[in-house]
Amino acid sequence: MRTIITLGVSLLLLIVQSCNTKTKTKQKNTESDKNELNSIFPKGEKGTEEWFTGDAYYISLVKADSIHSTLVGNVYFEPSGRSHWHSHPSGQILIITDGIGYHQIEGQEIEVLKKGDVVKCPPNVKHWHGASPDEGLQQLYIIPNTERGIVEWMEPVTDEVYNSK
Ligand code: MN
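Residues numbered from 1 in each chain as written. Predicted model: local features only at pLDDT ≥ 70, side-chain atom pairs only at ≥ 80, totals over all residues. Heavy atoms only, no water.

Caption draft 1: Structural detail: the environment of Glu-78. Positionally, Glu-78 belongs in the loop between strand 4 (71–77) and strand 5 (82–83). Accessibility expressed as a relative area gives 22% for Glu-78, which makes it partly exposed. Counting along the chain gives 22 residues from Glu-78 to Ala-56, while the straight-line C-alpha distance between them is 6.1 Å. With near-sequence residues (within four places) excluded, Glu-78 lies in contact with Lys-43, Asp-55, Tyr-57, Ala-131 and Gly-136. (Helix = DSSP H or I, 4+ residues; strand = E, 2+ residues; numbered from the N terminus. Buried < 20%, exposed > 50% of the residue type's maximum accessible area, 1.4 Å probe, protein only. Contact = heavy atoms within 4.5 Å.)

Here's what the structure looks like:
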């Protein structure tokens, strides 16, 4: 009987302790996530004004080779950071891993991107992507069939276009 009570008390203590741990972890995450997105990969290099408006960082994760002619990398856009208009000769796939951002194909409305979204951009279609004004964006890019080319850069996205959302 005594053993059962002791076991019961120990179990109860364990449950209480694990609940406490969960609460503490949650509070910690909320504080640290306020201004910083969850980054899976290293931040990488800062993008130049030739390709980006505002602050963006990129890192290559998979380089194309003779077997896999596909490029994979990560871009982190700080709030308001965005790419210039550009196109990809073989198209592009974006996978959003954190934050809130924008994507626009020329002639269409700005589309809001959030964690978990997957966007397919067709070949040779003029578009841009980047962060929202208040929250940054973490995005993975996949460029298939790089033998056809990777990217063709165009003019910057004006504030008027960016703020039209
Ligand atoms: Mn693109």
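There's plenty left to go through after this.
Caption draft 2: Focus on the pattern of salt bridges. Evaluated as defined, the whole model comprises 6 salt bridges. Close ionic contact of Lys-114 with Asp-117 constitutes a salt bridge, the shortest N to O distance being 3.6 Å. You can call Lys-114 partly exposed: its relative accessible area is 48%. Lys-126 is paired through a salt bridge with Glu-155; the nearest N and O atoms lie 2.9 Å apart. Residue Lys-126 is found in the loop between strand 9 (118–121) and strand 10 (127–131), and its partner Glu-155 is found in the loop between strand 12 (152–153) and helix 2 (159–162); the two are separated by 29 residues along the sequence. For Lys-126, a relative accessible area of 18% puts it in the buried group. Each of Glu-106, Lys-126 and Glu-155 takes part in a single network of salt bridges with overlapping partners. (Salt bridge = Lys/Arg side-chain N within 4 Å of Asp/Glu carboxyl O.)

Caption draft 3: View of the layout of surface pockets. Estimates place the volume of the largest pocket at around 370 Å³. Residue lining of the largest pocket: 19 residues in total, with Tyr-141, Ile-143, Ile-150, Val-151 and Trp-153 positioned closest to the centre. Among the residues forming the lining of the largest pocket, the class breakdown is 12 nonpolar, 7 polar and no charged. (1 Å grid on protein atoms, 1.4 Å probe; cavity = no way out; pocket = protein on both sides within 12 Å on 5 of 7 lines; lining within 4 Å. Points joined across faces, edges and corners; volume = space filled by probe spheres on them. Nonpolar A, V, L, I, M, F, W, Y, C, P; charged D, E, K, R; others polar.)

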